Amino acid sequence: MLIRFYKFILGFVFIGVTVSSIAQDCNMSILGTVIDESSNLPLTYVNVFIQETGTGVVTDDKGNFAFANVCKGEYHIIFSHIGCETQRYHFDIEQDTFLNIVLSHSETSLNTVVIQGVKNELSNQSNISLDRKDIEDNNNQSISSLLQNETGVHLIKNGNGISKPVVHGLFGNRLTILNNGIIQSGQQWGNDHSPEIDPFAADKITIIKGASALAYGGGNLGSVILVQPKKISKEPHLHGQINYSFETNGRGNNLNTRLEKYTPQLAFRLNGTLRKYGDSKTPNYYLRNTGLAEANLSLQLEKSWNAKTFVDFYSSTFNTQLGVLRGSHIGNLPDLEDAIGREIPFFTEPDYNDSIDAPRQEVSHHLTKLRLKHFIKDNQSVELVLAGQLNDRKEYDVRRGDRSDTPSLSLRQYTFNSDLKYAHDFASDWSLIIGNQNIITDNTNNPDTDILPLIPDYRSIRTGVFSTLSMSFSSAQLSLGWRYDYEYQSVAAITRSQPPEIIRYQNDFNNFSMLSSIKIDISEHQSLSMSNGISMRNPAINELYSNGLHQGVSGIEEGNVDLQTEKALKQTVEYKWLPSPTFSFNALGYIQRFKDYIYLQPEEEVRLTIRGAFPVFSYRQTDARIYGLDLSSQFTLKNSIIGLVKYSYLRGYDVGNDTPLIYMPPPSLFGSVTFRADRSIGLTSNVKLEEVEVEINNRYVLQQNHILPQQDFLAPPGAYNLVGLKLSTNVFLPEYKFRFFIKADNLLNISYRDYLNRQRYFADDVGLSLTAGVNLKF
Amino acid sequence: MFKNYRTVLLVVLGAVFFTSCDKDDPEIPNGEELITTVTYTMTPSGGGTDVVMSFRDLDGDGGDEPVIVGGTLAANTTYNGTLELLNEANDPTIDIAEEVSEEDIDHQFFFQTDITDLTVSYSDQDSQGNPLGISSTVVTGGTGSGQITIILRHEPNKSAAGVSDGMIDNAGGETDIEISFPVDVN
């Protein structure tokens, strides 16, 4: 997969159409230039292709292109450039036409995260993003695994299907994931709760590796993942795409479709995804019960009420069934020890099987969002977002009787968000944002599970206000901001006494966050950014009130009602060097210090139950420190070879107990070389190949040595090296454009285990997998 | 124009603010699946008084410690053992052994001991001719003391090597019960 660090994201920021006078039916010309926004220099080697006629040209060294003898009519013109997302625009050609096209270039798009039109406090903070092409070419992956090759990002998993992202060592309720600007609910706890987001509905996924993100509540301690669709383009025709891929390992089928159309009254976009996988396979055996089935649908509507008022609506449903390795289901600690010692997991079957049995998860996540944006003046806007989410999670275990069809855990979580923002851009390129956010969360356990819930029923109400000011000076940009949140929790727990009783808790928390960040342009090609953020996260419900057996930790998990709010101070320093368009280097160092870091401590006590003795884990607080370094560099040789190197290093340290922090990602190194044909290849007069690419990549993950033997049931697995290969090309036919790819993951079919995958106690990770995909745009 | 907004706003905000601040009382699950009580009754085959060992933990995982009653066996004696499994937290009491018998091919008890000369063997079978263990035979040898550990596995691989002889190593499955009784042989 080609995931570049410095992407040349071609955003069309301006298209000017100048019209000259003479018009004859098939004797018209389309001329134009393409220039780069930041440097004002012409962009060469931009492929310009008229879809309807099947003709294409390449811009010359002055950025010019020309089509002669074009007939009167409507055309779609496609612009593509090395390492870019292909863009398509619609023109109604009635006379000789000249197109002035200004593209925004890598450097500016990297440094400016513009969310909903306004520069904000994230602008100076380190960010990386994946574009539509990355998403389309990886439609066999979940939203988490799409991100796994980015620096500073890791995955915490339970098998191949269940994974959640870790950014700078933090995940779960310390990392905010925003889907369409709405905090993704259901991510508060559980290493085995994947974010229920269909990446295919998004056009861009951005990871902010910052010190604080004040515009978003949710108690994030620095980093944020933004999943965003783009605005529906002003195309009067119905357009869309169909994406299909087949993966050999797991015999998985992935199908996506997208339809969109613009009319002045209403623009719509519809996305649908179907996925089905059976058991995946290590180099030596099938992983029984590791399949998945997924069906998602989303609808996006946009309307301009007038020139100043915009409304959009987004609604999505995500439905998944995820198998959990049968051999990883255990009853007690000796079972775990038995399972750990085995060469091949219990319940391994000799043949492929695509049924999904217990233990499994069945999760539905529904989101509806309405956004109103009104420009009071050109430089002042008010935005109101209202959203509701329902996360319905059922986890099925292997149970006695016919209870395997009754979930062992069944949670319904409703979340309502309201978000009001006022933004004011000043003439000097300063901008001020003031906002208020409210989140109501209601979590109910279904009593039909017949099991006392691990996490009690609760309702929480959170309200926050924030303000950020971004200022631009000649060679520096500065951001300052603060945020205050109040949270009320109302908890109704069931005691384990005989008979059980209901016990109530009410909590109030006050959280305060602050941020300062600065980016200095040292020279034309170098910049230095620094950020400082203080943030607070109040203890979550599971940390306060968990009570019972948690299979995920093979122990009795006990909440701690005395927990205090966790405080974090994060500092980042980032250096960027772009001496030429063909070379870039980026280094990001960070340190985050925690006071009252909440963690799960294995106690010396063991608790005797009918299933034998279980260790007791209780939530404690300590002071901690996480620090690390993300390095990346990209170079382009002769416009046809792109090399990429990324390195992530991270250490987590429990200062209070003088021990390492557990579940911290080990260092990793990723490298790729892409060979790309710099011109299109004509197969016949009508069929041609563009962007023909061959990519070889390599991911090396070191052993996690920074852990003590008594901190885990099993020593961390050894280092591993995965090799991947990908071939891809665009195929232009007179009427259609296809994209084909074939890729191989774990090409050498090595056996390995990953430290952050809970399945590593029981089984190897997946072996060689080939994926072939086709994408048709119409 | 703003009238349209207002309608939408009212509907959504209404849904949000008509909820109360506090969470309603949860419904308490029945917990029918829970096993609170295991009783192992050993009847001397030549007649005499039953030896009854028991494990009782009415509040399930966590909470109060279970109450365990061990037993004293006579040396060089054969006993017929019977296991009774109950959920006494439910009203009325549920006979879990009945559920286990109904799913006999998916269950097997294992008996382990550190007392030399003491053996426990199966005296019942499931519908496929493999051992189950609700009924067993205990044969004592010389005097000694130690433990008898009773393990119930759900979905074991009964055809794996040694499993039908009562060896647990290759059985797999989940442990539903694992309890140890202190035992003296006099």
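Notes on the overall build of chain B
Turning to step 1, where the next piece is worked out: The helix and strand tally for chain B stands at two helices and 11 strands.
Turning to step 2, where the next piece is worked out: Of the regular secondary structure in chain B, the N- to C-terminal order runs α-β-β-β-β-β-β-α-β-β-β-β-β.
Turning to step 3, where the next piece is worked out: Residue burial in chain B is summarised as follows: out of 186 residues, 35% are buried.
Turning to step 4, where the next piece is worked out: Put simply, of all contacts in chain B between residues at least 6 apart along the chain, 61% involve residues at least 24 apart.

Examining the overall build of chain A
Turning to step 1, where the next piece is worked out: The helix and strand inventory of chain A stands at five helices and 43 strands.
Turning to step 2, where the next piece is worked out: Against the compact-globule benchmark of 28 Å for 778 residues, chain A has a radius of gyration of 27 Å, which places it among compact chains.
Turning to step 3, where the next piece is worked out: With the principal axes as the frame, chain A shows a C-alpha extent of 90 × 60 × 45 Å.
Turning to step 4, where the next piece is worked out: Evaluated residue by residue, chain A yields a buried proportion of 50% over its 778 residues.

Here's the deal with the domain arrangement of chain A
Turning to step 1, where the next piece is worked out: Split by domain assignment, chain A resolves into domain 1 (1-109) and domain 2 (225-777).
Turning to step 2, where the next piece is worked out: The interface of domain 1 of chain A with domain 2 of chain A comprises 16 residues on the first partner and 25 residues on the second.

Quick look at the nonpolar core
Turning to step 1, where the next piece is worked out: Judged by nonpolar contacts, the single largest core of 62 residues is most densely connected at Val166, Leu178, Ile205, Ile207, Val224, Ile225 and Val227 of chain A.
Turning to step 2, where the next piece is worked out: For this core, the leading source of residues is strand S17 (residues 224-228) of chain A, giving four residues.
Turning to step 3, where the next piece is worked out: If sequence neighbours within four positions are ignored, valine 224 of chain A has contacts with Thr176, Leu178, Ile208, Ala213 and Tyr216 of chain A.
Turning to step 4, where the next piece is worked out: Within the second largest apolar cluster, 36 residues are counted, among which are Leu73, Leu85, Ile94 and Phe109 of chain B.

Comments concerning the sheet that holds strand S7 (residues 87-93) of chain A
All names here are of chain A.
Turning to step 1, where the next piece is worked out: Here four strands make up an open sheet; going across it, the order is S4-S3-S6-S7 and the pairing antiparallel. A single partner strand is all that each edge strand has here, and the edge strands are strand S4 (55-58) and S7. Between one strand axis and the next, the sheet turns through 20° on average, direction left out of account.
Turning to step 2, where the next piece is worked out: Sheet topology note: the strand S6 (residues 73-80)/S7 ladder contains seven bridges and is antiparallel. Counted as the bridge partner of isoleucine 78 is arginine 88 from S7.

Some details on the pairing of strand S25 (residues 409-425) of chain A
Side-chain positions along a regular strand alternate between the two faces of the sheet.
Residues and elements named next belong to chain A.
Turning to step 1, where the next piece is worked out: Judged from the 16 bridges that link them, strand S24 (residues 380-396) and S25 form a sheet pairing that is antiparallel. Bridge assignment links leucine 390 to a residue of S25, and that residue is tyrosine 414.
Turning to step 2, where the next piece is worked out: As judged from the 15 bridges shared by S25 and strand S26 (residues 431-445), these two strands associate in the antiparallel manner. By the bridge assignment for S26, serine 418 is matched with asparagine 438.
Turning to step 3, where the next piece is worked out: Once S25 ends, the chain turns through five residues before running back antiparallel as S26, passing aspartate 429 with a positive phi of about 65°.

Observations regarding unusual backbone geometry
Turning to step 1, where the next piece is worked out: Omega for the peptide link from alanine 358 of chain A to proline 359 of chain A comes to 0°, which places this bond in the cis form.
Turning to step 2, where the next piece is worked out: With respect to the element layout, proline 359 of chain A can be found in the loop between helix H4 (333-340) and strand S23 (360-377).
Turning to step 3, where the next piece is worked out: A cis geometry characterises the amide bond from aspartate 91 of chain B onward to proline 92 of chain B, with omega recorded as 5°.
Turning to step 4, where the next piece is worked out: Positive phi, close to 50°, is recorded for asparagine 76 of chain B, a residue that is not glycine.
Turning to step 5, where the next piece is worked out: Relative to the assigned elements, asparagine 76 of chain B resides in the loop between strand S4 (71-73) and strand S5 (78-87).

Describing the pairing of strand S2 (residues 51-56) of chain B
Residue and element names in this part refer to chain B.
Turning to step 1, where the next piece is worked out: On S2, burial follows the alternation: Val51, Met53 and Phe55 on one face are buried, whereas Val52, Ser54 and Arg56 on the facing-out side are not.
Turning to step 2, where the next piece is worked out: Bridge count between strand S1 (residues 37-44) and S2: six bridges; the pairing is antiparallel. Looking across to S2, one finds that valine 38 is bridged to phenylalanine 55.
Turning to step 3, where the next piece is worked out: Hairpin connection between S1 and S2: a loop of six residues separates the two successive antiparallel strands, and glycine 47 in this loop has a positive phi of roughly 90°.
Turning to step 4, where the next piece is worked out: As paired strands, S2 and strand S3 (residues 67-69) are joined by three bridges and run antiparallel to one another. Residue pairing in the sheet places phenylalanine 55 in a bridge with isoleucine 68 of S3.

Thoughts on the confidence of the model for chain B
Turning to step 1, where the next piece is worked out: Predicted confidence across chain B gives a mean pLDDT of 87, with 89% of residues reaching 70 or more.
Turning to step 2, where the next piece is worked out: Confidence metrics for the complex model read pTM 0.84 and ipTM 0.79.

Structural notes on the sheet that holds strand S16 (residues 204-208) of chain A
Within a sheet, neighbouring strands are paired by backbone hydrogen bonds and run either parallel or antiparallel to one another.
All names here are of chain A.
Turning to step 1, where the next piece is worked out: Spatially, five strands are ordered S11-S16-S17-S14-S15 in an open sheet, and the strand pairing comes out mixed. Either end of the sheet is taken by a strand with one partner, and the two such strands are strand S11 (127-130) and strand S15 (182-183).
Turning to step 2, where the next piece is worked out: As defined by bridge partners, strand S14 (residues 176-179) adjoins S17 across four bridges and the pair is classed as parallel. What sits directly across from isoleucine 177, in S17, is isoleucine 225.

Notes on the interface of chain B and chain A
Turning to step 1, where the next piece is worked out: Each side of the interface is counted separately: chain B has 42 residues, and chain A has 50 residues.
Turning to step 2, where the next piece is worked out: A per-element tally of the side of chain B that touches chain A places strand S11 (residues 174-185) of chain B first, with six residues.

Notes on the confidence of the model for chain A
Low-pLDDT stretches of the model should not have their predicted coordinates read in fine detail.
Residue and element names in this part refer to chain A.
Turning to step 1, where the next piece is worked out: With 92% of its residues at a pLDDT of 70 or more, chain A has an overall mean of 86.
Turning to step 2, where the next piece is worked out: For chain A, helix H1 (residues 106-111) is the element with the lowest average pLDDT, namely 34, and strand S20 (residues 267-277) is the one with the highest, namely 96.
Turning to step 3, where the next piece is worked out: Within the model, pLDDT remains below 50 along residues 1-24, and this stretch shows 74 contacts once partners closer than five positions in the same chain are excluded.
Turning to step 4, where the next piece is worked out: Segment residues 105-118: pLDDT under 50, and 33 contacts once partners within four positions in sequence are set aside and those in other chains are kept.

Some details on the environment of proline 456 of chain A
Residue and element names in this part refer to chain A.
Turning to step 1, where the next piece is worked out: Position of proline 456 among the secondary structure elements: in the loop between S26 and strand S27 (457-472).
Turning to step 2, where the next piece is worked out: Since 26 C-beta atoms lie within 10 Å of it, proline 456 is described here as buried.
Turning to step 3, where the next piece is worked out: Sequence separation between proline 456 and arginine 403 is 53 residues, and the spatial gap between their C-alpha atoms is 22 Å.
Turning to step 4, where the next piece is worked out: Not counting chain neighbours up to four residues away, the residues in contact with proline 456 comprise Val491, Ala492, Ala493, Ile494, Ile541 and Tyr545.

Comments concerning the environment of isoleucine 344 of chain A
All names here are of chain A.
Turning to step 1, where the next piece is worked out: Within the fold, isoleucine 344 resides in the loop between H4 and S23.
Turning to step 2, where the next piece is worked out: Under the C-beta neighbour-count criterion, isoleucine 344 is labelled partly exposed, with 14 such atoms within 10 Å.
Turning to step 3, where the next piece is worked out: Along the primary structure isoleucine 344 and tyrosine 286 are separated by 58 residues, whereas in three dimensions their C-alpha atoms are 9.6 Å apart.

Let's talk about the environment of glutamine 489 of chain A
Residue and element names in this part refer to chain A.
Turning to step 1, where the next piece is worked out: Structurally, the position occupied by glutamine 489 is in strand S28 (residues 476-494).
Turning to step 2, where the next piece is worked out: Accessibility expressed as a C-beta count within 10 Å gives 22 for glutamine 489, which makes it buried.
Turning to step 3, where the next piece is worked out: The spatial distance from the C-alpha of glutamine 489 to the C-alpha of isoleucine 503 is 14 Å, given a sequence separation of 14 residues.
Turning to step 4, where the next piece is worked out: The residues touching glutamine 489, leaving out its near neighbours within four places in the chain, are Tyr458, Ser460, Gln506, Asn507 and Ile541.

What counts as what
Counting from 1, residues in each chain are numbered in the order their sequence is written. Written order decides the labels, with chains lettered from A and ligands numbered from 1. The model is predicted, so local features are restricted to residues of pLDDT at least 70 and side-chain atom pairs to those at 80 or more, both for listing and for counting; the totals for chains, interfaces and linings are taken over all residues. Put simply, DSSP H or I for four residues or longer makes a helix, DSSP E for two residues or longer makes a strand, and each gets a number counted from the N terminus. Exposure classification rests on a simple neighbour count of other C-beta atoms within 10 Å of a residue's own: a residue reaching 20 or more is buried, one at 12 or fewer is exposed, and one in between is partly exposed. C-beta atoms are placed from the backbone. Remark: residues whose backbone-derived C-beta atoms lie within 7 Å of one another are considered to be in contact. Using C-alpha atoms as the atom set, the radius of gyration is obtained and then compared with a globule rule of 2.2 Å times the number of residues to the power 0.38. Domain start and stop positions are those given by an automatic or database domain assignment. A set of buried residues qualifies as a nonpolar core if it consists of Ala, Val, Leu, Ile, Met, Phe, Trp, Tyr and Cys joined through C-beta atoms within 7 Å. Two strands are counted as paired when DSSP detects at least two bridges linking them. Axes here mean lines fitted to C-alpha atoms, for a helix over just the part in contact, with angles spanning 0 to 180 degrees between N-to-C directions. pLDDT is defined as a per-residue confidence score from the predictor, taking values between 0 and 100.

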